[in-house]
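# Report on the structure
Here are the chains, one letter per residue:
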Amino acid sequence: MRQQKTAESISTVTQPIVIGAIITAVEALWTDLLCLSTVPLFGPTTLHSAGATYLCGNFGVIVINTAWTSADNGQHTLDLLQRMISVTMMRGAQSGGVITYCKSKRFPNKSNPTVGVRSRVVNKKRTDLSKLIRAKVKRDVFTSPANTFPSDGFVPFFSGHTRFATSSKATFDGTHPQRWSPPTCHRMYNFNIVPDRLVAVDASTSSSFSPFSSSAADFPRPIRVENYVTHNGDFDFYDLNGKTYDLEVIQKWLPIATGNKLPAMVDSVCIAGFVDLIRCQGCFSLSARYAICLGMPTSRILGDPVAANLPSLEDYEAIGVLFETELDEMLEAGNTVESISSDVNKRRVLVSKVTAKLLREPRKTRYIFSRSSRQSDEEHGGEGLRLFAVVTIDAFFDNDLLNTTKIFLANASGSFGLCITSSLDAHRQLCLAARGQTLSIALYPKKGIVCFGSEQAAVKVGMTAELPGGAPDALGKTHLDIDNDDLRLDLDDLGGEICLLDWGRRCFKSPAVSLPNRNVPSHRLMNGRVDAYLLQESKALHTSDVLYHRMTRLTRNQFIKPLPVEAQDPVLKDIKDIPRICRDIQEDWRNMNKSTMSFNRLTAWNLARCIRKKMDAFVDGSAHGHRGAVDILLTGCEVSLWLAEQFATDLQKALPKLNITSVSSNKLLGLYGQEMPIPAIGYPMSNKTSKLVDAIVIVVSHSGGTFSPLAVSNLFNTGAQVFVVTSEWDSQIGKQLRSMHNEDDHMLLLFNSRVFTTDVGLRPAEPCSVSVAATQQLLTCIFEHICIVVLSNQHYRHASGAVITEHDLRIVERCNQDSVGALEEIVGVDCYGNELSKEQARAEKELRDAGRVWANHILENARAYIMTFIYIVATVVSGYPIASGIAKAAGLTSSTALYFIRFIDALIYFYLPQINVLIIRLVQRRAMRHRMVGRTVVIADIPWVSQAADAFLSKIFAVSYSIAGLNVLSGNPADHFVHRHTHRVVRGSLIVCGRPDGRLSALTSLEASCCLSVNQASSIQSIGSTAESITIGHNPFKLPLSARAIFLDRHRPLFLCEKMLDQIDAESIRKRTKLDLSMGGQSTSRRKRQRAIVALEDPSEHKSTRSNVLPTLVSQDINDLWPGMKKSPSLAFNHDIESISEGKALPETGAKSRSTGGALQDRKLKPSVTPSNNVGKRRSSTALLGAYTNLQKDNAKEESLDCSGRIPLDNLIESAIQERKWTDSVRTLFAHLDKSGSGALSKEEFVAGYHKLKPDLSIEQLNCIFDRCDVDDNGSLSLAEFIHMIRLPQMDIAYMILDPSIRDANGVIQVQASNEAYFGENVMKGVSMNQFTQNSALTGATKSQDFSQELYESRIASLQRFVAMTVMFHQMGSQVERFFRRLTFGLLGYRFDRTQSIMRIATTASPVSGADVRERLRVLQMLRKIYHSVHIISVAYIRYKREKERKRLVVLEEIALGRSGTNGTDDTSLSEDSSH
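Residues numbered from 1 in each chain as written. Predicted model: local features only at pLDDT ≥ 70, side-chain atom pairs only at ≥ 80, totals over all residues. Heavy atoms only, no water.

Okay, the overall build of the chain next. A count of helices and strands for the chain gives 48 helices and 30 strands. Taken over 1476 residues, the chain has a buried fraction of 54%. Partitioning the intrachain contacts of the chain with sequence separation of at least 6 by distance along the chain shows that 76% fall at a separation of at least 24. Summed over all atoms, the accessible surface of the chain reaches about 62,800 Å², with 56% contributed by carbon and sulfur. (Helix = DSSP H or I, 4+ residues; strand = E, 2+ residues; numbered from the N terminus. Buried < 20%, exposed > 50% of the residue type's maximum accessible area, 1.4 Å probe, protein only. Contact = heavy atoms within 4.5 Å. Areas by Shrake-Rupley, 256 points an atom, 1.4 Å probe, with all protein chains shown as cover.)

For the rest of this paragraph, the subject is helix H29 (residues 882–889). The set of residues buried in H29 consists of Ala883, Ser884 and Ala887. Down the axis, H29 shows its buried residues gathered within 95° of arc, on one side only. The outward face of H29, more than 90 degrees from its buried face, is lined by the exposed residues Ile886 and Ala889. Check the buried side of H29 and you find it contacts helix H30 (895–910). Taken from the residues just after H29, glycine 891 is the one with a positive phi, measuring 85°. (Arc of directions from axis to C-beta.)

Spatially, five strands are ordered S25-S24-S26-S27-S28 in an open sheet, and the strand pairing comes out parallel. The outermost strands of the open sheet, each flanked by one partner alone, are strand S25 (966–971) and strand S28 (1044–1047). The sheet shows a mean angle of 15° between the axes of neighbouring strands, taken without regard to direction. Here strand S24 (residues 935–940) runs beside S25; their pairing, made up of six bridges, is parallel. (Pairing = 2+ DSSP bridges. Axes fitted to C-alpha atoms, helices over the stretch in contact; angles between N-to-C directions.)

This paragraph deals with the sheet that holds strand S9 (residues 243–246). Pairing within the open sheet is antiparallel, and its seven strands lie in the order S9-S8-S10-S11-S15-S17-S16. Looking along the sheet, the strands with just one partner apiece sit at the ends: S9 and strand S16 (522–525). Geometrically, the sheet is characterised by an average inter-axis angle of 30° between neighbouring strands, direction not taken into account. The strands touched by helix H7 (residues 267–278) are strand S8 (227–240) and strand S10 (412–422); relative to S8, the strand with the most contacts, the crossing angle is about 85°. Sitting on the sheet, helix H15 (residues 401–411) is in contact with S8, S10, strand S11 (429–435), strand S15 (497–502) and strand S17 (530–536), with an inclination near 165° to S10.

Judged by nonpolar contacts, the single largest core of 107 residues is most densely connected at Ile782, Trp944 and Phe1369. For this core, the element with the most residues is helix H25 (residues 770–791), which contributes 15 residues. Setting aside residues no more than four positions away along its own chain, tryptophan 944 makes contact with Trp642, Leu643, Gln646, Val772, Gln776, Ser1354, Ser1358, Leu1359 and Phe1362. Membership of the second largest hydrophobic core comes to 80 residues, among which are Ala291, Leu327, Phe416 and Ile498. (Core = buried A, V, L, I, M, F, W, Y, C linked by side-chain atoms within 4.5 Å.)

Our focus in this paragraph is the packing of aromatic side chains. We describe a pair of aromatic rings using the distance from one ring centre to the other and the angle between the two ring planes. Per the stated rule, a full pass over the model turns up 35 aromatic pairs. Taking the centre distance of 6.1 Å and the plane angle of 80° together, the rings of phenylalanine 235 and phenylalanine 274 count as edge-to-face. Taken as a pair, phenylalanine 235 in strand S8 and phenylalanine 274 in helix H7 lie far apart in primary sequence, 39 residues in all. This pair shows no difference in class: phenylalanine 235 is buried, exactly as phenylalanine 274 is. (Phe/Tyr/Trp six-rings, centres within 6.5 Å; stacked < 30°, edge-to-face > 60°.)

In this chain, histidine 176 is followed by proline 177 through a cis amide linkage whose omega measures -5°. Located in the positive-phi region is asparagine 309, a residue other than glycine, with phi close to 50°. A relative accessible area of 42% places asparagine 309 in the partly exposed class. One non-glycine residue, glutamate 638, adopts positive backbone phi at about 50°. Structurally, glutamate 638 is set in helix H21 (residues 638–654).

For the pair helix H3 (residues 75–88) and helix H4 (residues 129–142), the least separation of the axes is 9 Å and the interaxial angle reads 150°. Taken together, H3 and H4 sit at an angle that is classed as roughly antiparallel. Relative to H4, the crossing made by H3 is right-handed. Each of Gln75, Thr77, Leu78, Asp79, Gln82, Ile85 and Ser86 in H3 lies in contact with H4, whose residues at this interface are Leu129, Ser130, Lys131, Ile133, Arg134, Val137, Lys138 and Phe142. In terms of residue class, the contact of H3 with H4 is built from six nonpolar, five polar and four charged. (Parallel < 35°, antiparallel > 145°, perpendicular 65-115°, else oblique. Left-handed = near helix turned anticlockwise from the far one by under 90°. Nonpolar A, V, L, I, M, F, W, Y, C, P; charged D, E, K, R; others polar.)

Further remarks concern a nonpolar patch on the surface. Together, Phe900, Phe903, Leu907, Phe910, Tyr911, Ile915, Ile919 and Val923 make up a nonpolar patch on the protein surface, roughly 820 Å² of accessible area in all. The greatest single-element share of the nonpolar patch, amounting to four residues, is contributed by H30. (Patch = residues over 30% accessible without salt bridge, like charges linked within 9 Å, V, L, I, M, F, W, Y side chains within 5 Å. Salt bridge = Lys/Arg side-chain N within 4 Å of Asp/Glu carboxyl O.)

If you trace the backbone, glutamine 777 turns up in helix H25. The residues touching glutamine 777, leaving out its near neighbours within four places in the chain, are Cys582, Ile585, Gln586 and Asn816.

Secondary-structure assignment places cysteine 1011 in helix H34 (residues 1004–1018). Assessed through its relative accessible area of 3%, cysteine 1011 is described here as buried. Along the backbone, cysteine 1011 and serine 1181 are 170 residues apart, and their C-alpha atoms lie at a distance of 7.6 Å. The contact partners of cysteine 1011, leaving out residues within four places of it in the chain, are Arg995, Leu1039 and Ser1181.

With that out of the way, let us pick up helix H10 (residues 313–332). End to end, H10 covers 28 Å across 20 residues, agreeing with the expected 28 Å (1.5 Å per residue, within 8%). Within H10, burial applies to Tyr316, Ile319, Gly320, Leu322, Phe323, Glu324, Glu326, Leu327, Met330 and Leu331. Residue glycine 334 follows H10 closely and has a positive phi angle near 105°. (Expected span 1.5 Å × (residues − 1).)

All right, on to the pattern of salt bridges then. If you walk through the whole model with that rule in mind, you get 57 salt bridges. With its nearest N and O atoms 2.7 Å apart, the salt bridge here joins aspartate 849 to arginine 852. Separated by three residues within a single helix, aspartate 849 and arginine 852 lie in helix H28 (residues 842–878), roughly one turn from each other. The partly exposed category is assigned to aspartate 849, whose relative accessible area is 23%. Linked through salt bridges whose partners overlap, the residues forming this network are Lys573, Asp574, Asp577, Arg580, Arg583, Asp584 and Arg763.

Let's shift gears to the environment of valine 390. Position of valine 390 among the secondary structure elements: in helix H14 (residues 383–398). Spatially, the C-alpha atoms of valine 390 and leucine 350 are 9.0 Å apart, while their sequence positions differ by 40 residues.

Contact geometry for helix H6 (residues 247–258) and H7: axes closest at 10 Å, N-to-C directions at 40°. Taken together, the axis directions place H6 and H7 in an arrangement best described as oblique. Here H6 and H7 pass one another in a crossing that is left-handed. Taking contact as the criterion, the partners of Leu247, Ile250, Gln251, Trp253, Leu254, Ala257 and Thr258 in H6 are, on H7, Asp267, Cys270, Gly273, Phe274 and Leu277. A per-class count over the contact of H6 with H7 returns eight nonpolar, three polar and one charged.

Topologically, alanine 1248 is positioned in helix H41 (residues 1243–1253). As for alanine 1248 and leucine 1262, which are separated by 14 residues in sequence, their C-alpha atoms are 9.3 Å apart.

Turning next to the pairing of strand S1 (residues 57–63). Of all seven residues making up S1, seven are buried, and the element is well covered by its neighbours. Burial along S1 is two-sided: Gly57, Phe59, Val61 and Val63 and Asn58, Gly60 and Ile62, pointing in opposite directions, are all buried. Relative to strand S5 (residues 157–163), S1 runs antiparallel, the two sharing six bridges. Residue glycine 60 lies in a different strand from S5, and its bridge partner there is serine 159. Where S1 meets strand S13 (residues 449–453), five bridges bridge the pair, whose relative direction is antiparallel.

Set out below in C-alpha cells:
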C-alpha cells in the first residue's frame, strides 16, 4: 500500500516535468529545426521592455510614371525596391516588409477605393532579406489575381522598412509596416477619397451627385479604413494635458481606447494606435473618439479600464449619427463640405446646432460626452457638451494626414523617422517625418519616380536606374532650371520636420491640407506633378526659404557618388581597392589634379584657421586656464574610435603641451547629451574634470551615419570647430555640419568646409578593410597638416612644446608615399586594378598560403564528418565493416577471433572522427598533434590593428556553420597579451602576431617584447605540440618557435641606424674576407681562425680609432677641440668655446673646410631610391638590441668602467669637473658675444658674432637658429637658452639650418617628402662610408630619428600589417564558404560579407539614448544666443559708461579752468552722475 502511494506521488511529481519536457522539445523542433516562429499554441515567448530601441531603416518609392509598374509585370519596380532594401539593410535586417495600396477584386469599389497590401518577412541567418521581400511583394501584388493597380492615373507607392530588434526577438508580429486596428469600415464623407473625374462618372447615373454638393447621396457611406506606419527610432513618452505617460501605460491604454488588442509588444505599433485615434477627418464617430481620448482638457491615459471609463465603439457611432444629421441639413441648405470647413462662422453654427441637439439627448448620453462638467452641465448651459462638439467638429474637418502627424509629434518624446500612410489618402499623398532620425527624399523628374529613405545612399538608386522603355518624360524648362536635375531633399532631423508629398492636385479640386495648415507653402516638384508641404517643428538649421537652396543636386555634382556596382565578393573588392584609394587620398591631398580643387585641402585650410586661433590664444595668454581644458577632441565608435585613439596618441606625443584626447561618442553623449548624465565609470572624463569649451572636435565616422557620432556632432556644433572624417562628402554628418554654420564666421560659408572625405563611397561589406585603411591614410595626412601648421610659427612651436620637427614630417611623408607600393604587393593588385606577377606579389602569395593552411585547420572537422558519414553508410549498407570485411576475405572463421574483429570494428566506429582527422592531417601535411576541436585565433599587434583585425575576422566567420566556427581574441603583445591569453593556449591555438620593424633603433625593444610574448605563448607544450603562430612584419628573421614568418618588403629608404649597421656589416665582411685571404693556408688551425674572427668582430677594436662626434656643420672639425669637450654633448659651436677657454682671439674670417656647408646650399634633392630587404645580415630582435646597445656603449670611454663594470668614483668626479669647465667656457663665450652687456644676446649680436666665427653659415641660417632657440619669444637669447642651443644634437642643428619649405609650388602649406637615398643623407654629406663605423657621434645623431621611427610604426607599418591580415583572413573565410557551397551545389552557401545582425551602420540610440539630445541642443543654442546677447549688451554698456565718463571729465576740466557755462541744475545733474 505504501509503495503504491509512493508510486502515485512520484507520478504526480514527474507528470508536469514530462509535459514540460515535451513542450520544450516540440517548441525547439518548431523554432530551431524548422526555423519557424513561436508555436501558436504556446503564444509569445519573449518579454518586451517599454524602452525598446531599434536599429532600423525606412525606404520607399513613389511611381509617378506608370511605366515602372506596367512594363515587365513590375520587374523594374522590384529591382528598385530590392536595391533600396540591400542598401538600407546596412542599418539592420532581421526582418522587413513593404506596404502598398491597390484595387482589390475581392471587395466592392464603393466601400474599398484602395486596399492596403502588406508584405512582411522574417529574415533567417543566411538568407538575403532583399530577395525575400522582393519575392513576397511580387507574389502579393504583381502576380496576385486579387490585387491590381488601376489604369485611371492611379499613382502607386511602396513604403518599406528593415528592422534590427534590440530588446526582443525579430518576430513576424514585430515586423514593420505596423498597423494597430484591422481594416474596418466607417461612415465617411468624401474628403479627397474619390477623384473628381470618378465622381463625375457616377453622377451620370444620378443627376444630383457631386462630391461637394448638398445632395451627395452616396456620402457618407461605409469606407474601408486602415492605417500603416513605418518607424525608425524609439517612442518613449506621450504628453497629454500636462502629464507625461510612458510606453508601458500607453500599451495598456490603447486597447481600451481603440477596442483592439495590442498587435505586438513593440513601440512602433503604439504609434500606429495613435494614428488610428487622430486620423479621423471625414468621420464623426472617429472624431468623437479622438475628442474623448485625446482632445478634451480632461482626457487622460489610464491603463485601468474602470478608471479610464471610455465609451464603446457603438457609443461613438451613435453620437456620430447626430453630427451627420446636422451637417446634412447644412449641406441641403446649399453649403458644401469645403465651404463649411473653410469658414469659421459656419463651423460655429454647426457647433451650436450639435450642442443643442446633444442637450436634448438622454442624460446618459450627455453624461458620457460631457466629462468636463458631469454633475452641473445643465447649470452651466452645456459647456462640457459644447466643448466636446467643438473638438469633434474641428477634428472632423482638420485631422487629415499632415495634421495627424503634426499632433502626434507635438506630444511624443523619442526619436522618429516616420512614414505614415492611410487607405483614405493613399491615392494622392503620404506623410514623412524626421526628428532625431534622418530621412531623405530624392526626386528623379526624367524617370518619374520619387525615392525616400532613412539612408541617403538608398535614395540614390534612381541615379543608375534605367526608365522602362528608355524614353524619359518630356520636361520643359522650369524655375531655376532644376526640374531636369535629380535632386535630394534632406529633412531637418535635428529640429524636427514633417513633409507631406501630394501628387493629387491634378485629380482633386479640394486643397491637399486642412485649414490649420493652409498657411504652409506648397513647393512644386517633379515639374509640377508633386507638391511638397514642409512643416518645421523648430528652426534648428539655418534653412533657406527657397527650397532649391536646401536641396542637394545629384546630377552634375562631382561630390556625389552613385551606388557602386554590386560585387560577387565585396570583401575581396574592398581589399583590392586599398592601394588605389590610398594613392587617390595622397594625390588629392597634394592637389595633383590641377583641373579640380581638392576638397580635403579646403577643409584643411579651415582646420588650420582653428589651430592658429587656438595657438594665438596660447601665445597671448588668453587661452582657457583650466587644467582639464581639452584643446583637440577626437571621437567616434568602434573601428573609427580605435583609429582616432591612435591619432590622438601620436599628436599628443608630437605636441605635448596641448591637451589632445580621444573619447567614445557614447561617453560624450552620456555625459553631455542627457538631462541625467550617465557617469563614465572607469574613465577619467566628467563634467568637472574635462572642459570642452573651444575644443576643436574631430569626429571620425566612416559611414557618416552612426547615431552617437552624429548626435555628438550636433551637440558640439555650436561653432565652426567641429570637423568630420567620413567616407564621402554626401553623408549625414557632413549634411549637418554644412547646414549649421557659425554665425560669427564672416567667410559667408564660401570656404567653410568641415568635411574630410576618403572618397571611398558606400561599402556594404560588414568586415571593414578599405574603410579602415582609407581612414588611417587620411588621418595621417591630417596629422602632418596640424603639425606643419604649428611648426610654421616659432610662437606656436614653443607654446605647444613641439617635439616633432620638419625633418620628421618629411620622413613620414616619404614613407607614406612609398607605402602605396608595399600595399600593392600585399594585396596583389596595383593602383590601376592590374594583377601583379607572382614575383611581385610574393607577400600576397605567402599570406594566402597561410590562410589556406588555417582554413584547412578549420575545415578538418567538417571533412572528417563527411568521411565518417560515408564510412558508416558504406559499411552498414554493405554489412562489412573494414575489419570484418578483411577477416572474411582472409577466410577467418573462428568465433573467438570474429568477436575480437567485431570489437576492433566497434573501436573504429567509436574513434572514427578522430581517425579521419588524422588521415586528413597526414594527407595535407599539417600538424598531427593539434587538438581536434574548434579553433581559436588570437591576434597580437598594437591596439588599433589587433582590434580592427579582430572585428574583421569575427565578422568574416559570423555566419559560418558551427562545425566550421571560429573564436577570435586579440591583445597587445607589448602589454597584456601574455597575461590575458597564455593561460588559454592549447595545442592547435592559432596565433598571428604583427611585429614592429626592429631594425629601427627606436623599435628594437618593442619588437623584442613582441617576440618574447609569442615565444612564451608558443613554448607552452603538451605531448610535444603547442600553438601554431605566424608572425607578420618587416624584419626578415623567423622566430624559432613560430610555425611561419611572413616578411613584408621595406619600401622605404634606410634610416641612419640601419645605414650604420649595414656599414658595420660591410666592414666586417670586408675584413673577414681579407682575413681569409691572409690565413688561407692549410697550416692555420681552426681555433686560431675563430679567435681571429672574434677579435675582428669585437666592437672594442674600433674604440681607439673612432672620433667622438659627428663631422660638424661649421668651419673646423670637432677633433681639434680641447679634451674636456669630448665629455659633453656639444655640437658645432664648441670650437668657439675652446678658443675662448684658451684665450685665443676670435677670428674675423675662416676658410671653409671639408664640412657640409657647401652642400647645405644645394637644395636639389636626389631621386628616390627604394632599397631591398637584403641589405646587411639578418638579425633577430635580440641581436639587433645587442648591436644597438653596443653602439651606444661605444660613446663612453673604456676607462670609464672598472673591472666590475661600474663607473669609478674618480671618473665621476672628473666628469663633473669637466662639465663645470665646459659650462664656464660657455659663459665666457656668451659674455664675449654680449657686446651690450645686457645679459642677453640680441639677434644682431648673435648673428654678427657667429657670422664672423662661422662664415660658412649664412645670415639666414643663423637667423633661423636664433628664432628656433628663442623659446620665450622676447627677441633675445638668455644664458639658459644659449646653453640649450649649444647642447642640441648635431642632426637637430643640421636640419634646422636646412630650413625646408613648408609650401609647395602653388603656395599651399604642404609637407614635402624627403628625397634622400637614406634618411639623414643631407647632414651626412662629407662623411665617407668608412667613417660610419668609426664615428661614435652617429649614435647620438640616430636618436634624433627616434620619433619619426615611432610615427612610421604607428602610421605606416601598422597599416601594412593590418592590410596583410585582411588578405590572410579573407582567404580563410572565402575558402571555408566555398567548401560548403561547392559541396552542396550552392544549397549551403552563404555570404561571409555579412553578419547575422546585418548591421553595417548603428543608426539608432545604442547603448545611450538620444531622446534628450534634441532638447539639450536647443538649450545649448538658447544659452549661446543669451550669452551672445549679454556680451553685446555688456560691450554697449561699457562703451556708454566710457563715453559718459569722458564727457564728465571734460565738464570737470572746463569747471576747473573757469570756462564752464553750466547752471546749478547742470551741477546737480553732474553730481548725480558722479555718485552713480
